[in-house]
Amino acid sequence: MSLDAARPDLVMGVVGTGAMGRGIAQIAAIAGCAVILMDARDGAAAEARIFIAKMLNKLAERGTLSTSATEAALDRLVIAETIADLAPCHVVVEAIVEDITVKQSLMKDLEAIVSSDCLIASNTSSLSVTSIAAACKHPERVGGFHFFNPVPLMKVVEVIDGVMTAPWVVEALTALARRMGHTPVKAKDTPGFIVNHAGRGYGTEALKLVGEGVTDVFTADRILKGAAGFRMGPFELLDLTGLDVSHPVMESIYDQYYQEPRFRPSPIGRQRVTAGLLGRKTGRGFYAYKDDKAVVPPAPVVPAAWTGPVWVAPGEGSLAVTALVTKLDAILERGEKPTKAALILIPVLGEDCTTACVRLGLDATRTIAIDPLFGLDSHHTLMTNPVTVAEIRDGAFGLLASGNVAVSVIHDSPGLVAQRVVATVINIGCDIAQQGIATPEDIDKAVTLGLGYPAGPLSWGDRIGADKVVAILDTMLAITGDPRYRASLWLRRRASLGVSLLTSES
């Protein structure tokens, strides 16, 4: 091992040279840091250096990195023969197995080797930084530095402040993240930090919808992409990540928060893990895979359009639904009550179709609900109640599909699909702010960069309207009695005051 040629201003040790360690080492070397690669498995560090060299050469071929910069970065990558070779490091990042005992043992070994002012960081995604640091004589110099896979492409890193972490550690890691071309977001040491915590609302709520028989996985994915604008449906995402990874995180965060109802996992996840239906890696998950591509069922056949009169119930979104029905050249009834010949459309916020029918005193057999919250230009979600007749269901489907907009039909569900999932995402984001885990701005940055959502949860809540989000949550809570839908105080207070969800207390 030799660092003479590099003459770096900063020497970083990376312990653990799997996918995460390799990615961290790559961006650090490009940023001008000397990187000492260390792995307990013989030959693993050398394999990692060869892999990183291939990645650097690909960047050079694309013109992203100059040939000279590629060569210089590779020169800065050296291999440790023993852990003692980490002695010159200014900072050491561990990216080893997610096992608290193994991580604590490594921390003790590192403290015996590195200098007293060497910063030690953990790339843990699920373990407490405070617990990892508790094994150290000087826990104040230990912080969390959580990157996301693939590290070179996922441009966000969580800088985690353990209970004993000194302020200079957080500031140093923040500056180092920026040097490596990443966006740092600061988080307190809580289960899931920001990204894995905020992500509980998407897949977990979608699994609950399927578990309740509201819809199937394919329809849920279509709705959340088509109506709410997510780039990947929740079940596509679970298959990509691997259910053997995602479900334990769901269980871990639920347990670490002492069975907080908002994070309650679905039995579906555990059953499918047991069955080995893990996703892309096993060739079958929620989707089947052929040649590494998901086999997606075709969209349902569009039935004949309703040709009789249509009556639109009053309420939030009724003007937009009325305009749509008129645009589709349907016969619009404008009386205070529908005739017995009419197809009845109810725009709902938070309600299920049954509750809305009872509230308005309508003939449930002729009634179908529609989601107006995300606009009516990209996707129509229709919701039946237990006695909606097939003629009404199919006629409404055919009518709304006649405008060349995709239509999905689901069974009764408070909040339908998109309202329910997005309101949950926003609510959890607001509660992260309420707990002071991160600033509102960092929450939104972490979610958009780390999860790729259409917007950060707080910005999204502002866009929809905090009062509407509270109304949806309150209605779902009233119908289901499930405390998972109770509104965060951060959300409720700002909705009451009419101020942005991004407003911090002074």
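Look up: the structure comes first, before these words.
Residues numbered from 1 in each chain as written. Predicted model: local features only at pLDDT ≥ 70, side-chain atom pairs only at ≥ 80, totals over all residues. Heavy atoms only, no water.

(A) Representation of the overall build of the protein within the structure. A tally of helices and strands in the protein yields 20 helices and 16 strands. When the 506 residues of the protein are sorted by exposure, 55% land in the buried category. Taking contacts inside the protein between residues at least 6 apart in sequence as the whole, the part at least 24 apart equals 70%. Accessible area of the protein: about 21100 Å², with a carbon and sulfur share of 55%. Measuring between centres, the 47 positive side-chain charges of the protein sit 2 Å from its 54 negative side-chain charges. (Helix = DSSP H or I, 4+ residues; strand = E, 2+ residues; numbered from the N terminus. Buried < 20%, exposed > 50% of the residue type's maximum accessible area, 1.4 Å probe, protein only. Contact = heavy atoms within 4.5 Å. Areas by Shrake-Rupley, 256 points an atom, 1.4 Å probe, with all protein chains shown as cover. Lys, Arg positive; Asp, Glu negative; His and termini not counted. Charge placed at Lys NZ, Arg CZ, Asp CG, Glu CD.)

(B) Seen up close, the side chain of Asp431. Here Asp431 shows up in helix H16 (residues 418–434). Its relative accessible area of 16% is what places Asp431 among the buried residues. Excluding its chain neighbours within four sequence positions, the residues that come into contact with Asp431 are Arg262 and Ser488.

(C) Main features of the sheet that holds strand S11 (residues 309–312). A sheet is described by the order of its strands in space; here 6 strands give the open sequence S12-S11-S13-S14-S15-S16, paired in mixed fashion. Looking at strand neighbours, the two that pair on one side only are strand S12 (331–333) and strand S16 (406–410), the edges of this open sheet. With direction set aside, neighbouring strand axes in the sheet form an average angle of 30°. Of the pairings in the sheet, the one linking S11 to strand S13 (residues 343–347) comprises 3 bridges and is parallel in character. By the bridge assignment, Trp311 is partnered in S13 with Ile344. (Pairing = 2+ DSSP bridges. Axes fitted to C-alpha atoms, helices over the stretch in contact; angles between N-to-C directions.)

(D) Inspection of the nonpolar core at higher detail. With 75 residues, the main nonpolar core has Ile346, Trp460 and Leu491 as its most contacted residues. If one sorts the elements of this core by residue count, H16 sits on top with 10 residues. Non-local contacts of Leu491, meaning those with residues more than four positions away in its chain, are made with Asn427, Cys430, Ala466, Val469, Val470, Leu473 and Leu501. (Core = buried A, V, L, I, M, F, W, Y, C linked by side-chain atoms within 4.5 Å.)

(E) Highlighting the pattern of salt bridges. Within this structure, the stated rule accounts for 24 salt bridges. When salt bridges that share partners are traced, they join Glu205, Lys208, Glu212, Arg420 and Arg484 into one network. (Salt bridge = Lys/Arg side-chain N within 4 Å of Asp/Glu carboxyl O.)

(F) Region of the structure containing the pairing of strand S1 (residues 11–15). Counting buried residues in S1 gives 5 out of 5 residues, a clear majority hidden from the surface. Burial of the side chains of S1 extends over both faces: Val11, Gly13 and Val15 are buried on one face and Met12 and Val14 on the other. Across 5 bridges, the pairing between S1 and strand S2 (residues 34–38) is parallel. Each bridged residue has a counterpart across the sheet, and for Val14 the counterpart in S2 is Leu37. In this view, the connection linking S1 to its parallel neighbour S2 by way of helix H1 (residues 19–30) has right-handed handedness. Sheet topology places S1 next to strand S4 (residues 91–94); 4 bridges connect them, and they run parallel. Within S4, the position partnered with Gly13 by the bridge is Val92. (Right-handed = clockwise from strand over helix to strand, strands pointing away.)

(G) Inspection of the sheet that holds S2 at higher detail. A sheet is described by the order of its strands in space; here 8 strands give the open sequence S3-S2-S1-S4-S5-S6-S7-S8, paired in mixed fashion. Looking along the sheet, the strands with just one partner apiece sit at the ends: strand S3 (77–79) and strand S8 (183–188). Pairwise comparison of adjacent strand axes, ignoring direction, gives a mean angle of 25° for this sheet. Direction of pairing for strand S7 (residues 156–161) relative to S8: parallel, over a ladder of 6 bridges. Residue Val156 lies in a different strand from S8, and its bridge partner there is Thr183.

(H) Structural detail: helix H18 (residues 457–464). By the burial criterion, the buried members of H18 are Pro457, Leu458, Trp460, Gly461 and Ile464. Projected down its long axis, H18 carries its buried residues within an arc of 160°, all on one side. Trailing H18 by a residue or two, Gly465 shows a phi angle of about 115°, which is positive. (Arc of directions from axis to C-beta.)

(I) Region of interest: the side chain of Thr219. Take Thr219: it is sitting in helix H9 (residues 217–226). Thr219 has contacts with Ser408 and Ile410, leaving out every residue within four places of it along the chain.

Everything listed here is a matter of coordinates, which is why it stays silent on function.
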